[in-house]
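Close look at the chain arrangement
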2 protein chains.
Amino acid sequence: MENKFLNLSFSSWNLQVSRLKNIIETLSDEQLAQPISPGRNSGWYIVGHLIAVNDAMSEILGTGKRAYPELHSPFVQNSEQPAFIQSFTGLLRNYFLLVHVRLQEEFTTLTEDAWLARHAAMTDEDFLKNPLRNKYSVLLNRTNHLSYHLGQLRLLY
Amino acid sequence: MENKFLNLSFSSWNLQVSRLKNIIETLSDEQLAQPISPGRNSGWYIVGHLIAVNDAMSEILGTGKRAYPELHSPFVQNSEQPAFIQSFTGLLRNYFLLVHVRLQEEFTTLTEDAWLARHAAMTDEDFLKNPLRNKYSVLLNRTNHLSYHLGQLRLLY
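Note that the coordinates shown come from a computational prediction; the quantities given were computed from them, not determined experimentally. (Residues numbered from 1 in each chain as written. Chains lettered and ligands numbered in written order. Predicted model: local features only at pLDDT ≥ 70, side-chain atom pairs only at ≥ 80, totals over all residues. Heavy atoms only, no water.)

Now for the overall build of chain A. From N to C terminus, chain A includes 10 helices and 0 strands. Going from the N terminus to the C terminus, chain A shows its helices and strands as α-α-α-α-α-α-α-α-α-α. For 157 residues, the compact-globule formula gives about 15 Å, and the C-alpha radius of gyration of chain A, at 16 Å, lands near that figure. Overall, the C-alpha framework of chain A stretches about 45 × 30 × 25 Å when taken along its three principal axes. When the accessible surface of chain A is summed, it comes to about 7,300 Å², and 51% of that surface belongs to carbon and sulfur atoms. Charge-centre separation for chain A: the mean point of 14 positive side chains lies 4 Å from the mean point of 15 negative side chains. (Helix = DSSP H or I, 4+ residues; strand = E, 2+ residues; numbered from the N terminus. Rg over C-alpha atoms; globule rule 2.2 N^0.38 Å. Areas by Shrake-Rupley, 256 points an atom, 1.4 Å probe, with all protein chains shown as cover. Lys, Arg positive; Asp, Glu negative; His and termini not counted. Charge placed at Lys NZ, Arg CZ, Asp CG, Glu CD.)

All right, on to helix H10 (residues 135-153) of chain B then. Residues and elements named next belong to chain B. Here H10 spans 27 Å end to end across 19 residues, near enough to the 27 Å set by a 1.5 Å rise per residue. With respect to burial, H10 is a largely interior element, 18 of its 19 residues being buried. Two to three positions downstream of the cap, the backbone nitrogen of Tyr136 sits 3.2 Å from a side-chain oxygen, assigning the N-cap of H10 to Asn134. (Expected span 1.5 Å × (residues − 1). Buried < 20%, exposed > 50% of the residue type's maximum accessible area, 1.4 Å probe, protein only. Polar contact = N/O pair within 3.5 Å; in protein donor to acceptor, adjacent residues only side chain to side chain.)

One chain copy maps onto the other through a rotation about an axis and a shift parallel to that axis. By a simple turn and slide, chain A fits onto chain B: the slide is 0.0 Å along the axis, the RMSD is 0.0 Å, and the turn is 180°. Expressed as a symmetry operation, the mapping of one chain copy onto the other fits a two-fold axis. In terms of proximity to the rotation axis, the leading residue of chain A is Tyr148 of chain A, whose C-alpha is 2.1 Å off the axis. Mapped onto chain B, 100% of the interface residues of chain A are again interface residues, and the two copies thus contact each other with one and the same surface. (Least-squares fit on C-alpha atoms with pLDDT ≥ 70 in both. Contact = heavy atoms within 4.5 Å.)

This part takes up the packing of aromatic side chains. Two descriptors summarise a pair of aromatic rings, namely the distance from one centre to the other and the angle between the planes of the rings. Counted by the stated rule, this structure contains 16 aromatic pairs over all chains. Members of the aromatic cluster, each reached through a chain of ring pairs, are Phe10, Trp13, Phe107 and Trp115 of chain A. (Phe/Tyr/Trp six-rings, centres within 6.5 Å; stacked < 30°, edge-to-face > 60°.)

This part covers the packing of helix H1 (residues 4-26) of chain A against H10 of chain B. Across the interface, H1 of chain A lies against H10 of chain B with an axial gap of 10 Å and an inter-helix angle of 35°. Both H1 of chain A and H10 of chain B take part in a crossing whose hand is right-handed. In this structure, H1 of chain A contributes Phe5, Leu8, Ser9, Ser12, Leu15 and Gln16 of chain A to the contact, and H10 of chain B contributes Tyr136, Ser137, Leu140, Asn141 and Asn144 of chain B. Its residues assigned to classes, the contact of H1 of chain A with H10 of chain B comprises 5 nonpolar, 6 polar and no charged. (Axes fitted to C-alpha atoms, helices over the stretch in contact; angles between N-to-C directions. Left-handed = near helix turned anticlockwise from the far one by under 90°. Nonpolar A, V, L, I, M, F, W, Y, C, P; charged D, E, K, R; others polar.)

Residue and element names in this part refer to chain B. Of note, Ala120 is situated in the loop between helix H8 (112-115) and helix H9 (124-129). Under the relative-accessibility criterion, Ala120 is labelled partly exposed at 48%. Sequence spacing of Ala120 and Thr63 is 57 residues, and the spatial spacing of their C-alpha atoms is 9.9 Å. Sequence-distant contacts of Ala120, defined by excluding residues within four places in its chain, comprise Glu59 and Ile60.

So, about the interface of chain A and chain B. Contacts between chain A and chain B engage 33 residues on the former and 33 residues on the latter. Interface of chain A and chain B: buried area, both sides summed, is about 2,700 Å²; carbon and sulfur atoms make up 65% of it. The largest per-residue losses of area from chain A upon contact with chain B belong to Phe5, Leu8 and Tyr148 of chain A, which jointly make up 27% of the total buried on that side. The tally of links from chain A across to chain B stands at 0 salt bridges. The interface formed by chain A and chain B contains 14 residue pairs in polar contact (both at pLDDT 80 or more). For the side of chain A that touches chain B, the elements supplying multiple residues, two or more each, are H1, helix H8 (112-115) and helix H10 (135-153) of chain A. Among the elements that make up the side of chain A that touches chain B, the one with the highest residue count is H10 of chain A (11 residues). Class assignment of the residues belonging to the side of chain A that touches chain B gives a composition of 15 nonpolar, 14 polar and 4 charged. (Buried area = accessible area lost by both parts, 1.4 Å probe. Salt bridge = Lys/Arg side-chain N within 4 Å of Asp/Glu carboxyl O.)

Residues and elements named next belong to chain A. What the rule picks out here adds up to 10 salt bridges over all chains. Linking Arg93 and Asp29 is a salt bridge whose minimum nitrogen-to-oxygen distance equals 2.8 Å. Residue Arg93 is located in helix H7 (residues 89-107), and its partner Asp29 is located in helix H2 (residues 29-32); the two are separated by 64 residues in the primary sequence. Arg102 is paired through a salt bridge with Asp55; the nearest N and O atoms lie 2.9 Å apart. Separated by 47 residues along the polypeptide, Arg102 in helix H7 and Asp55 in helix H3 (residues 43-55) bring together distant segments of the chain.

This is how it looks when you write it as structure tokens:
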């Protein structure tokens, strides 16, 4: 992979992932169970949300299948319901690691042209109307999405 | 500017800037004076911080001079001191707009090769050791920095 812009975008992704890994490993179970601000989502909900959203990237990029479809309902489709998410919290630290190891491998299977091709969640027709919505834009958007929630998880310290 | 990766990175930057503009215009002065979570920075501090950090990008990219050096001390160098930042809050909405209009113009003055060249805050020697620290990496890092604080400002709604 020789494209320097693409390589730097992978570095930027990896940096956000490693900051999140660090925070998730540092915070205790009790800290992650706290809301990031009174009345807001808990740390666990945000961690589950990031796993579920990024797990689905494999299918959007066309590089593989999502591993944890069962996280979509409790952490993406629905707002936080503590009883609903409780059965997952013991698994989330490990899932977070596994999803991001898998994605890092899958990223390297795409060529420069493939990154600029339409993503799998849109039709050819829609892509003609909006050629900016390609796989590379998914990578950039999801990197920002990690940063967005990193800024919130930091409030649990 | 023909490089698609670079163009998509500008779109990603612009998207974060426009989300922040929207939130800053929507929140009242009183909402921005609130801490994002008990005991944390206020909305005003975060807005001032984003202006001061991004204002300095012109000098790091070598495209111009910062316009508001007086914001560095209250919003970057020092943690929040309400009495110290109070005299600036009436100016920040406008400064936020002006800084980002200027940067958007300056971004277009850099060639593809210039984006991959070392940024002005590092020496040639350091750049040889770490060639990833170029102007493009500054753009990606600052985009993530905007998202990070956007996730926090959203808590003021």
